Amino acid sequence: MTAGPPPTEAELVSAWDHALGQPAPRRPLLLLGREDADRLPVGEVAALLLTTARAWTGDRVEATLDCPACPERLEVDFAVADLLAAAPDRQEAGPATGTFTLRWRGHQLTLRLPTPADLQGAARAGDAAAAERWLLRACLLAADPPLADPDATLPEVSAAMAARDPLGVVAVTLTCPGCGTTTEALLDVPGWAWQAADGRVRRLLGEVHRLARAYGWSEAEVLGLGPHRRAAYLEQVP
Ligand SMILES: [Zn+2]
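As the structure is a prediction and not an experimental result, all values here were calculated from the model. (Residues numbered from 1 in each chain as written. Predicted model: local features only at pLDDT ≥ 70, side-chain atom pairs only at ≥ 80, totals over all residues. Heavy atoms only, no water.)

1. A closer look at the nonpolar core
Then step 1. Judged by nonpolar contacts, the single largest core of 48 residues is most densely connected at Leu50, Val61, Leu167, Val189 and Trp192.
Then step 2. Contacts of leucine 50, omitting those with residues within four sequence positions, involve Val61, Val80, Leu83, Leu84, Leu167, Val189 and Trp192.
Then step 3. Leu109, Leu111, Cys139 and Ala160 belong to the second-largest nonpolar core, a separate cluster that totals 14 residues. (Core = buried A, V, L, I, M, F, W, Y, C linked by side-chain atoms within 4.5 Å. Buried < 20%, exposed > 50% of the residue type's maximum accessible area, 1.4 Å probe, protein only. Contact = heavy atoms within 4.5 Å.)

2. So, the packing of aromatic side chains
Then step 1. Overall, the coordinates contain 3 aromatic pairs when judged by the stated rule.
Then step 2. Seen in terms of ring centroids, tyrosine 215 and tyrosine 233 are 5.6 Å apart; in terms of plane orientation they differ by 70 degrees. Their pairing is edge-to-face. In this pair, tyrosine 215 is assigned in helix H9 (residues 189-215) and tyrosine 233 in helix H11 (residues 227-236), connecting sequence segments 18 residues apart.
Then step 3. Using a relative accessible area of 34% as the deciding quantity, one classes tyrosine 215 as partly exposed.
Then step 4. Aromatic pair tryptophan 217 and tyrosine 233: ring centres 5.0 Å apart, planes at 80 degrees, arrangement edge-to-face. One end of the pair, tryptophan 217, is in the loop between H9 and helix H10 (219-224); the other, tyrosine 233, is in helix H11, and 16 residues separate them in sequence.
Then step 5. For tryptophan 217, a relative accessible area of 24% corresponds to the partly exposed category. (Phe/Tyr/Trp six-rings, centres within 6.5 Å; stacked < 30°, edge-to-face > 60°. Helix = DSSP H or I, 4+ residues; strand = E, 2+ residues; numbered from the N terminus.)

3. Let's talk about the environment of arginine 213
Then step 1. Of note, arginine 213 is situated in helix H9.
Then step 2. According to the relative accessible area criterion, arginine 213 is exposed, its value standing at 67%.
Then step 3. For the pair arginine 213 and aspartate 77, spaced 136 residues apart in the sequence, the C-alpha separation amounts to 37 Å.

4. A look at the environment of aspartate 149
Then step 1. The residue aspartate 149 is located in the loop between strand S5 (140-144) and helix H8 (154-164) in this model.
Then step 2. Along the sequence, aspartate 149 and tryptophan 134 sit 15 residues apart, while their C-alpha atoms lie 14 Å from each other.

5. Concerning the sheet that holds strand S4 (residues 107-112)
Then step 1. The sheet built from 3 strands is open, its strands ordered S3-S4-S5 with antiparallel pairing. The sheet is open, and its two edges are formed by strand S3 (99-104) and S5, each paired on a single side. Across this sheet, the average inter-strand angle for adjacent strands is 20 degrees, counted without regard to direction.
Then step 2. As judged from the 6 bridges shared by S3 and S4, these two strands associate in the antiparallel manner. Within S4, the position partnered with threonine 99 by the bridge is arginine 112.
Then step 3. Set on the sheet, helix H7 (residues 128-139) makes contact with S4 and S5; between it and S5 the angle comes to about 70 degrees.
Then step 4. H8 rests against S3 and S4 of the sheet, and its axis sits at about 140 degrees to S3. (Pairing = 2+ DSSP bridges. Axes fitted to C-alpha atoms, helices over the stretch in contact; angles between N-to-C directions.)

6. Focus: the packing of helix H3 (residues 42-53) against H9
Then step 1. Relative orientation of the contacting elements H3 and H9 amounts to 25 degrees, with a least axis distance of 9 Å. Between H3 and H9, the interaxial angle falls into the category roughly parallel. Here H3 runs over H9; the crossing is left-handed. For the pair formed by H3 and H9, the contact residues are Ala46, Leu49, Leu50 and Ala53 on the first element and Val189, Pro190, Trp192, Ala193 and Ala196 on the second.
Then step 2. Its residues assigned to classes, the contact of H3 with H9 comprises 9 nonpolar, no polar and no charged. (Parallel < 35°, antiparallel > 145°, perpendicular 65-115°, else oblique. Left-handed = near helix turned anticlockwise from the far one by under 90°. Nonpolar A, V, L, I, M, F, W, Y, C, P; charged D, E, K, R; others polar.)

Below, the structure written as C-alpha cells:
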C-alpha cells in the first residue's frame, strides 16, 4: 500500500476542522482523506499516519508516558523511518486484503486483520480480555471443521496477526531513570498523528492571523503562499 500525496496545507486545515466535530478515535483517520481508512488493517493505518504526519514532526515520534511505579515522566523518541522499517513492503506484497489462513490443531482458520472499526467495537466490550475475545469473534471468518472453543486459538491467532501486521501494536520497552523500573508501553500512533496535525494546524492559523492582520489577505491566500514565501513575509511582520 502506498500513501497518496501529502495533504496541502489548505487540505490539512480543512480535514482538521472537519475532524474536530467527530469522536476522538475517528479524528486521526480523517487526516488520511480516504473513505476506507477505518476498514484497513490497523498496522496499515499506522503506517499511513506515520507517513502523513512525519513532515510535521521532523521525522520523529516523540511521546511521554507515565512511569507505573513512580511520578517520573518517561520520554520516548523514535525515527519514523525506523518504525516504518518494521512494516511489510506492500508494493512488493501486493494490495493487502487483510485476510489470511492459519492451520490450528487440524482446523483450517480463515481470519482477517483487525481494523480501526474493530478496535472501537472491542473497546466497548469491557476489560482487555473481553476485548480480545470480541476481536477474535469479529476477525474469525471461518473454521473448518468448526471450533468447539474459539478462545483456545487466541495465543496463536494473536501471534499470527502480529507477524502479518507488525505496526498493529507498537510496543516499546522503557527503563525509568528515576526508579529503574522496566515497563512495556504501547505507542498510540493515531493519537500521536492527531497531536502532530493539531500542533501544525494551530501554528498555521497563527501565521494566517499575523499575515491577515498585516496585509489584509484571506486565509486561503495566506495558505496558498506555501511555506517558504509565507516564512519570508512573516519575517517582515513585527
Ligand atoms: Zn519510575
